[in-house]
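These are the residues of each chain, in order.
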Amino acid sequence: AVARALPIGQFWFNGQAAAGNEHKELLRLWGERRAAVPAWPAVVREGPLQARVLWPTGTGWPYQADRGHNDNSLVIEIAVGAARMLLSGDIEAPAEGDLVRSGHLRPVDVIKVPHHGSHTSSTPALLGALQPRIAGAQARPWGQLAFPHGDVRARYRLASIGLWSTADGAVTVTLQPACVTVRQGARYASWKPLGER
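Residues numbered from 1 in each chain as written. Predicted model: local features only at pLDDT ≥ 70, side-chain atom pairs only at ≥ 80, totals over all residues. Heavy atoms only, no water.

1. Here we look at the layout of surface pockets
Which entries qualify depends on this criterion: For each structure, a 1 Å grid was placed over the protein atoms alone; sets of points admitting a 1.4 Å probe that cannot get out are labelled cavities, open sets with protein on both sides within 12 Å along at least five of seven lines are labelled pockets, and lining residues have an atom within 4 Å of a point. Grid points are joined across faces, edges and corners, and a volume is the space filled by probe spheres set on the points. Counting from the N terminus, the helices are the DSSP runs of H or I reaching at least four residues and the strands are the DSSP runs of E reaching at least two. Gly is put with the polar residues, along with every residue not named as nonpolar or charged; the nonpolar set is Ala, Val, Leu, Ile, Met, Phe, Trp, Tyr, Cys and Pro, and the charged set is Asp, Glu, Lys and Arg.
Within this model, the largest pocket holds a volume of roughly 830 Å³. Every residue lining the largest pocket is counted, 24 residues in all, and those nearest its centre are Trp-12, Ser-73, Leu-74, Ile-76 and Gly-89. Of the voids in this model, the second largest pocket is the one considered here, and its volume is about 400 Å³. For the second largest pocket, the lining is made up of 13 residues, of which Ala-1, Val-2, Ala-3, Glu-22 and Leu-26 are closest to its centre. Of all the secondary structure elements, the ones that give two or more residues to the lining of the second largest pocket are α1 (2-5) and α2 (21-30). Looking at the lining of the second largest pocket element by element, the count peaks at six residues for α2. Residues belonging to the lining of the second largest pocket are distributed by class as follows: eight nonpolar, two polar and three charged.

2. Focus: the sheet that holds strand β3 (residues 75-80)
Basically, it comes down to this: The criterion for strand pairing is that DSSP finds at least two bridges linking the strands in question. Here an axis means a line fitted to C-alpha atoms, over the contact stretch when the element is a helix, while the angle between two N-to-C directions is reported on a 0 to 180 degree scale.
Reading across the sheet, the seven strands line up as β1-β2-β3-β4-β5-β6-β7 and stay open at both edges, with mixed pairing between neighbours. In this open sheet, the two strands that pair with only one neighbour each are β1 (43-46) and β7 (162-165). Recorded for the sheet is a direction-independent mean angle of 15° between the axes of neighbouring strands. Pairing geometry for strand β2 (residues 49-55) and β3, over six bridges, is antiparallel. Across the sheet, Gln-50 pairs through a bridge with Ala-79, a residue of β3.

3. As for the sheet that holds strand β9 (residues 179-184)
Strand order in the open sheet formed by three strands is β8-β9-β10, and the pairing between neighbours is antiparallel. Lying at the two open borders of the sheet, with one neighbouring strand each, are β8 (172-176) and β10 (187-191). Taken over all neighbouring pairs, the strand axes of this sheet differ in orientation by 10° on average, direction set aside.

4. Remarks on the side chain of Thr-181
We count it as follows: Remark: exposure states derive from per-residue accessible area (1.4 Å probe, protein chains only) relative to the maximum for the residue type, with buried under 20%, exposed over 50%, and partly exposed in between. It only takes one pair of heavy atoms within 4.5 Å for two residues to be counted as in contact.
Within the secondary structure, Thr-181 sits in strand β9. On the accessibility criterion, Thr-181 (8% relative accessible area) is buried. Sequence-distant contacts of Thr-181, that is, excluding residues within four places in its chain, are made with Thr-172, Val-173, Thr-174, Tyr-188, Ala-189 and Ser-190.

Below you can see the structure in the form of structure tokens.
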């Protein structure tokens, strides 16, 4: 739906095939326009905006053949001036550990919770390396896959990181060179970017 609705200048893709019909349809829609990311980790700059692809990386590029789809998710750091957010995809503990050891991580203001808050992700090592103020989880608190998992909620609480879940409504993050703002309905937080402190 996104590929149909919006003009797309680049399609960042790790190259790992998937069996799902949505994935196949996306690749069909992209067709000849698909362009590989030229350098790894890839960096795109436009004005004060910078996007860095941090994972997957290493000799297995474009993806790690011994890893599943979750641990080959693209992990992207978005920065606007000193304000930073990490989009973590569905990575789990093995990829989180490799990413922490890679040296590519730096503290961020906001993190998109890895793997929707599954108990297999959000390791203390990752949270310690990133030190986010707020974490946003694409999650739901019901059903067989009720996320974020209780263990994950406890990890964020122990690290004094605010955990906001889309189960309570859309979470909107605004990065500006001098301000980070997170909103969810009437809930609101705003602060000076971590990189400026």
